[in-house]
2 protein chains.
Amino acid sequence: MGNRPASTAHLAMLLEVAGTPKPGNVDRHRDLSDLGFEHFLAGAVGARPGLVAAATGDRVGAAFETAIAGMAAATDRNTHFGTLLLLVPLVAATDDGTIAPAATERVVEDTTIADAADFYRAFDHVEVAVGDPPADAPDLDVRRGSDAVSAVESRGLTLLDVMERSTPGDGVAREWTTGFERTFETAERIRSGDGSILDRAADAFLALLARDPDTLVQTRHGEAVAREVTDRAASLEDGSREAIEAFAADLVDRGINPGTTADVTAAGLYVALTRGASL
Amino acid sequence: MGNRPASTAHLAMLLEVAGTPKPGNVDRHRDLSDLGFEHFLAGAVGARPGLVAAATGDRVGAAFETAIAGMAAATDRNTHFGTLLLLVPLVAATDDGTIAPAATERVVEDTTIADAADFYRAFDHVEVAVGDPPADAPDLDVRRGSDAVSAVESRGLTLLDVMERSTPGDGVAREWTTGFERTFETAERIRSGDGSILDRAADAFLALLARDPDTLVQTRHGEAVAREVTDRAASLEDGSREAIEAFAADLVDRGINPGTTADVTAAGLYVALTRGASL
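Let me sum up the structure you'll find in this document. Quick caveat: nothing in here was measured; it's all calculated off a predicted structure.

About the thresholds
Residues numbered from 1 in each chain as written. Chains lettered and ligands numbered in written order. Predicted model: local features only at pLDDT ≥ 70, side-chain atom pairs only at ≥ 80, totals over all residues. Heavy atoms only, no water. Least-squares fit on C-alpha atoms with pLDDT ≥ 70 in both. Contact = heavy atoms within 4.5 Å. Helix = DSSP H or I, 4+ residues; strand = E, 2+ residues; numbered from the N terminus. Buried < 20%, exposed > 50% of the residue type's maximum accessible area, 1.4 Å probe, protein only. Phe/Tyr/Trp six-rings, centres within 6.5 Å; stacked < 30°, edge-to-face > 60°. Salt bridge = Lys/Arg side-chain N within 4 Å of Asp/Glu carboxyl O. Buried area = accessible area lost by both parts, 1.4 Å probe. Polar contact = N/O pair within 3.5 Å; in protein donor to acceptor, adjacent residues only side chain to side chain. Core = buried A, V, L, I, M, F, W, Y, C linked by side-chain atoms within 4.5 Å. Axes fitted to C-alpha atoms, helices over the stretch in contact; angles between N-to-C directions. Parallel < 35°, antiparallel > 145°, perpendicular 65-115°, else oblique. Left-handed = near helix turned anticlockwise from the far one by under 90°. Expected span 1.5 Å × (residues − 1).

Another aspect to go through is the relation of the copies chain B and chain A. Rotating chain B by 180° and moving it 0.0 Å along the rotation axis overlays it on chain A with an RMSD of 0.0 Å. What we have between these two chains is a two-fold relation. Scanning chain B for the C-alpha nearest the rotation axis identifies R28 of chain B, at a separation of 3.0 Å. Residue by residue, 100% of the interface of chain B is reproduced at the interface of chain A, so both copies engage with the same surface.

Printed below as a string of structure tokens:
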């Protein structure tokens, strides 16, 4: 059934936002100032047609733009941009209930200039926090949205090319160029962990944050803050629940949102569920 | 688009379980002993094909059985039986983005013996807490599931007939036989309330519980307990958040779960969202 991977991806999005504590992110116990739990539920439902498109053979870029358009229409906010940029190729690479790095790499390698154009068009639907474009290519600024499509086309860039240009400063793009390495590692951590899947998702989030600085935090707050957050996460990996909750409260108070780490957590949940992880 | 009502119903299920405090129920802040938040998320995703079937013209009974089969396959639990028994006819009655009591009454009046048979078959998929059958019709015990279908057929009962036999002891059946009166009232309360939709859903739940004893509590714990719960809810309608949270903790401790009230809340959310309620 073509919709099975779409349903699994959809559930991964819901479980990701419900897992708690996920320091600095909306979770079962915390909202951000203008971004609530309800927006993540609605964003996940709105994005679903794009996931179905990915599961039923639509081009990766087109499916992604469909997902973002639906998310934005449902919430008027960006809840899942990075998450969907990971889930769409993973869903497209899922075959007969199986997902593996090699198939995922094939999907991203097969992306075309048309997929890159779709990706740029997705920025027309919603405001996304991104870094500045490379100095040699201001015409490729993703914030230009569809206005940048002609530049993408004249340079002949595929969507994978666009992702390569964003690595390593963007942790989502890095997954595209590394065979979704952290995604698959996270999936195994979720499958082998203890507790409910919500607890295992929260543990996986902290483990990811402890290993690599969050690139959304880097973009918004600079490398020093991102490093501080990662060091504190590392110090808490075997810490008490209370200490992790205090860290979570502190990040929310300071407006520090490791959103890329949440994106990889959702992608890891998708792979884990596809591979039979229990609730 | 046929899937629009299905998506709205799906979102209503997610918002219902997230609203807090909903005393005695799984909500954003509470799990029950063998029934967690993650099961409600998975149950809502699993039920979706049945909602799509209802939105695209499948028979009400068949769509309901599809929804229950999907829910049970995803969770091995009963998370949404009563909720889906309300949402399926509401989705079927939604036409061009409009839902009204008259159309809903037509849908339930048009149900057939085949729909009743499907309803009984749905009990094969999952264990549901129900009262004893009428003394004059032990062969119609829903707990017999598909084994009761021949009795349903030989008596010539439609699904609406079955619901009439369950009223007034079952608050879900009562909606079927009263033009979904409490559902539409709840929708207007949610549309006109204050706060986020999660807060408005929780307020609507308490208002419903304060007005009528929950029939699931009646079935499991008797009328006196159901009455006590309703009296306490009524005393708290203008109470402090702390007092309502204490009530919620007490009901969870005592294993008292006003699940029918949650079902009507979800149905009210569906109507409210269809009528343009904001998040």
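Here we come to the side chain of T261 of chain B. Residue and element names in this part refer to chain B. Relative to the elements of secondary structure, T261 occurs in helix α15 (residues 259-274). In this structure T261 comes out as buried when scored by relative accessible area, which is 2%. If sequence neighbours within four positions are ignored, T261 has contacts with F205, L208, L209 and D214.

Let's shift gears to the packing of aromatic side chains. Here the structure, examined in full by the defined rule, presents 13 aromatic pairs over all chains. Ring centres of F37 of chain A and F37 of chain B lie 6.0 Å apart, and the angle between their planes is 45°; this geometry places the pair in the tilted category. You can see F37 of chain A sitting in helix α2 (residues 37-55) and its partner F37 of chain B sitting in helix α2 (residues 37-55), one on each of two chains. According to the relative accessible area criterion, F37 of chain A is buried, its value standing at 0%. Each residue in the set F64, F81, F119, Y120 and F123 of chain A is aromatic and connected to the rest through ring pairs, giving one cluster.

Taken as a whole and judged by the stated rule, the model has 40 salt bridges over all chains. Salt bridges sharing partners connect three or more residues here, namely D27, R30, R241 and E245 of chain A.

The subject of this paragraph is the interface of chain B and chain A. Between chain B and chain A, the contact holds 23 residues from the first and 23 residues from the second. Buried area between chain B and chain A, summed over both chains or domains, comes out near 1,900 Å², and the portion from carbon and sulfur atoms is 70%. Linking chain B with chain A are two salt bridges, by the criterion used here. For D31 of chain A, the salt bridge identified is with R28 of chain B, shortest N-O distance 2.9 Å. Across the contact surface, chain B and chain A share eight residue pairs in polar contact (both at pLDDT 80 or more).

Turning next to the nonpolar core. For soluble globular proteins, the rule of thumb is that nonpolar side chains tend to be buried together. F119 and W176 of chain A together with F119 and W176 of chain B are the most contacted members of the largest nonpolar core, which totals 162 residues. Filtering out sequence-adjacent residues up to four positions away, F119 of chain A remains in contact with F64, F81, L85, V142, L159, V162 and M163 of chain A.

Further remarks concern the packing of helix α1 (residues 3-18) of chain A against α2 of chain B. Packing of α1 of chain A against α2 of chain B leaves a shortest axis separation of 10 Å and a crossing angle of 155°. Between α1 of chain A and α2 of chain B, the angle falls in the class roughly antiparallel. With respect to the hand of their crossing, α1 of chain A and α2 of chain B are arranged in right-handed fashion. Across from S7, H10, L11, L14, L15 and A18 of chain A in α1 of chain A, the residues of α2 of chain B making contact are F37, E38, L41, A42 and V45 of chain B.

Now for helix α11 (residues 197-211) of chain A. Across its 15 residues, α11 of chain A extends 21 Å between first and last C-alpha, which sits within 8% of the 21 Å expected from 1.5 Å per residue. Among the 15 residues in α11 of chain A, twelve count as buried, and that is most of the element. Taken together, the buried positions of α11 of chain A are I197, L198, R200, A201, A202, A204, F205, L206, A207, L208, L209 and A210 of chain A. Contacts from the buried residues of α11 of chain A go to α1, α10 (181-192), α13 (223-235), α14 (241-254) and α15 (259-274) of chain A together with α2 of chain B.

Quick look at unusual backbone geometry now. With the exception of glycine, the majority of residues adopt a negative phi angle, and the majority of peptide bonds are in the trans configuration. All names here are of chain A. Going from T20 to P21, the amide bond is cis rather than trans, its omega being -5°. Checked against the element boundaries, P21 lands in the loop between α1 and α2. Backbone geometry at D96 places phi at a positive 55°, although glycine is not the residue there. Inspection of the secondary structure puts D96 in the loop between α4 (81-93) and α5 (101-109).

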